[in-house]
Amino acid sequence: MQPKGIITAMVTPTDEAGKVNQSSLRNLANYLIDSGVHGLFPVGSQGEFWAFTPDEKRQIIEVVVDEARGRVPVYAGAGAITTQQAVELAKIAKSGGAAAISVLTPFYIKPNENELFEHYKAIAEAVPDLPVLLYGNRDRTGIGLSPDFVARCSRIDNVVGIKDSSGDMTVAAEYIRRTRGAKEFSVLAGRDTLIYGFLCYGGKGAIAATSNVAPRLVVEVYEAFMAGDMKRSLEAQYRLAPLRIAFELGTFPAVIKEALNLLGMDVGPSVRPVGPLPEAKRAELKRVLADLGLSVVSGP
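A few points on the structure.

About the criteria used
- Along each chain, residue indices are assigned from 1 in the same order as the chain's sequence is written.
- pLDDT decides what is reported in this predicted model: residues at 70 or higher carry local features, side-chain atom pairs at 80 or more are listed and counted, and totals for whole chains, interfaces and linings draw on all residues regardless.
- The side-chain values count all of the structure's non-hydrogen atoms but skip hydrogen atoms and water molecules.
- Using a grid of 1 Å spacing that covers the protein atoms alone, one calls a set of points a cavity when a 1.4 Å probe fits there but cannot get out, and a pocket when the set is open and has protein on both sides within 12 Å along at least five of seven lines; lining residues are those with an atom within 4 Å of a point.
- Grid points are joined across faces, edges and corners, and a volume is the space filled by probe spheres set on the points.
- Each residue is assigned to one of three groups, with Ala, Val, Leu, Ile, Met, Phe, Trp, Tyr, Cys and Pro labelled nonpolar, Asp, Glu, Lys and Arg labelled charged, and all others, Gly among them, labelled polar.
- Only rings of Phe, Tyr and Trp enter the pairing, Trp through its six-membered ring, and a pair is recorded when the two centres are within 6.5 Å. The plane angle decides the type: under 30 degrees is stacked, over 60 is edge-to-face, the rest tilted.
- Working definition: helices are DSSP H or I runs of at least four residues, strands are E runs of at least two. Numbering for both runs from the N terminus.
- With a 1.4 Å probe rolled over the protein chains alone, any residue whose accessible area is under 20% of its type maximum counts as buried; one over 50% counts as exposed, and the rest are partly exposed.
- Counted as salt bridges are all cases of a side-chain nitrogen of Lys or Arg within 4 Å of a carboxyl oxygen of Asp or Glu.
- Residue contacts are counted whenever heavy atoms from the two residues lie within 4.5 Å of one another.
- A pair of strands is treated as paired once DSSP finds two or more bridges between them.
- Only the stretch in contact is used when a helix axis is fitted, and all axes are lines through C-alpha atoms; the angle between N-to-C directions ranges over 0 to 180 degrees.

Here we look at empty space enclosed by the protein
A probe as big as a water molecule, rolled over the atoms, marks out the empty space that is left.
Consideration 1: The full count for this structure, using the stated rule, is two cavities of 30 Å³ or more.
Consideration 2: Space inside the largest cavity adds up to approximately 70 Å³.
Consideration 3: Along the walls of the largest cavity sit 13 residues, with V43, F49, G77, A78 and G79 positioned nearest its centre.
Consideration 4: Looking at the lining of the largest cavity, its residues break down into seven nonpolar, five polar and one charged.
Consideration 5: Here the second largest cavity is characterised by a volume of approximately 30 Å³.
Consideration 6: Around the second largest cavity, the lining residues are Q46, F247, G250, T251, F252, P253, A254, V255 and I256.
Consideration 7: Classifying every residue of the lining of the second largest cavity gives six nonpolar, three polar and no charged.

Topic: the packing of aromatic side chains
Consideration 1: As enumerated under the stated definition, the model contains five aromatic pairs in all.
Consideration 2: A ring pair is formed by F49 and F107, whose centres lie 6.0 Å apart and whose planes are at 65°; its orientation type is edge-to-face. You can see F49 sitting in the loop between β2 (39-41) and α2 (54-68) and its partner F107 sitting in the loop between β4 (100-104) and α4 (113-126), a full 58 residues away along the chain.
Consideration 3: On the basis of relative accessibility, which here comes to 10%, the residue F49 falls in the buried class.

With respect to the pattern of salt bridges
Consideration 1: Taken as a whole and judged by the stated rule, the model has 16 salt bridges.
Consideration 2: D66 is the partner of R26 in a salt bridge, and the nearest nitrogen-oxygen pair spans 2.8 Å. Here D66 lies in helix α2 and R26 lies in helix α1 (residues 22-34), a separation of 40 residues in the sequence.
Consideration 3: Between R239 and E220 there is a salt bridge, with its nearest N and O atoms 2.9 Å apart. With R239 in helix α10 (residues 230-245) and E220 in helix α9 (residues 215-226), the pair connects residues that are 19 residues apart, well separated along the chain.

Re the environment of I156
Consideration 1: With respect to the helices and strands, I156 occurs in the loop between α6 (147-153) and β6 (159-164).
Consideration 2: It is 43 Å that separates the C-alpha atoms of I156 and L277, two residues lying 121 residues apart in sequence.
Consideration 3: I156 has contacts with F117, K121, A124 and K183, leaving out every residue within four places of it along the chain.

Remarks on the sheet that holds strand β3 (residues 75-77)
Consideration 1: In space, the eight strands of this open sheet follow the order β2-β1-β8-β7-β6-β5-β4-β3, with parallel pairing throughout. Both outer strands of the open sheet, β2 and β3, are each paired with one neighbouring strand and no more. Across the sheet, the mean angle separating the axes of adjacent strands is 25° when strand polarity is ignored.
Consideration 2: Sheet analysis places strand β7 (residues 186-189) next to strand β8 (residues 205-208), joined by two bridges and oriented parallel. Across the sheet, residue A189 finds its bridge partner in β8, namely A206.
Consideration 3: Seen against the sheet, α9 touches β1 (5-9) and β8 and runs at an angle of roughly 155° to β1.

Structure follows, in structure tokens:
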């Protein structure tokens with residue numbers, strides 16, 4: 001498979017105790033598919049992967065796969081600090097029916113590039129028939145992925161792409177340039193403000209948190225570009241930018257959950273210790289949503 005298009009980094013709906021709300025998760029999956037997204041990505045960063053046990057992650061993946069019913073591929077997060085933990089999560093994702101996995105770099109520890117290569121190689125070899133996406137997010141993990149490293153990993157049989165959340169277009173451009181001809185290697189934007197830029201440079205799409213809230217607008221960035229309408233694609237990117245920038249209104253990943261609740265989607269609170277937005281910040285978020293033409297209903 002070649003990962004491409006707009007893949008939603010799904011929130012995980014929860015109750016006040018932090019337990020998964022399966023009914024809301026099913027509703028969200030259908031809402032996103034009906035809105036035209038090209039893939040679903042549960043238990044990633046926006047999905048608060050750190051908050052759930054392996055069994056809970058299995059449950060989340062199985063629910064999303066069941067609700068997707070093959071209409072779009074389901075990518076599952078399998079990031080962990082140790083190789084053994086990541087291999088376990090990769091196998092859980094495979095048994096749960098995921099079409100591919102995305103593996104965040106380790107965090108807290110800082111392995112060197114040879115250690116990190118062996119980490120990804122071991123994960124890929126543990127699930128040889130499951131496509132693997134690298135996932136670089138230096139701001140969150142403290143580990144950046146060099147173009148040399150990504151080019152080296154692209155030669156592992158079932159490593160098929162990378163989600164790049166570095167926010168550095170020079171790095172992203174080098175990922176794309178250095179992996180040309182490496183099967184159908186996909187470089188996907190992890191910063192929703194840069195989807196158009198990635199596409200211009202040869203990227204294949206995005207794994208986008210904002211597409212929980214404004215899926216049709218994010219899809220428009222991609223589909224207008226693919227149709228050759230660069231002006232419409234760029235205008236859609238401009239309209240989307242304030243929603244991504246609004247992440248600064250609260251502690252990650254609260255803003256997208258708060259936005260969905262304001263739109264009546266009932267995805268619950270962020271898992272503690274992340275708390276709700278102050279009322280003044282929530283009012284700013286409401287203005288961002290209104291400017292996007294989204295209907296705010298009663299909310300917390």
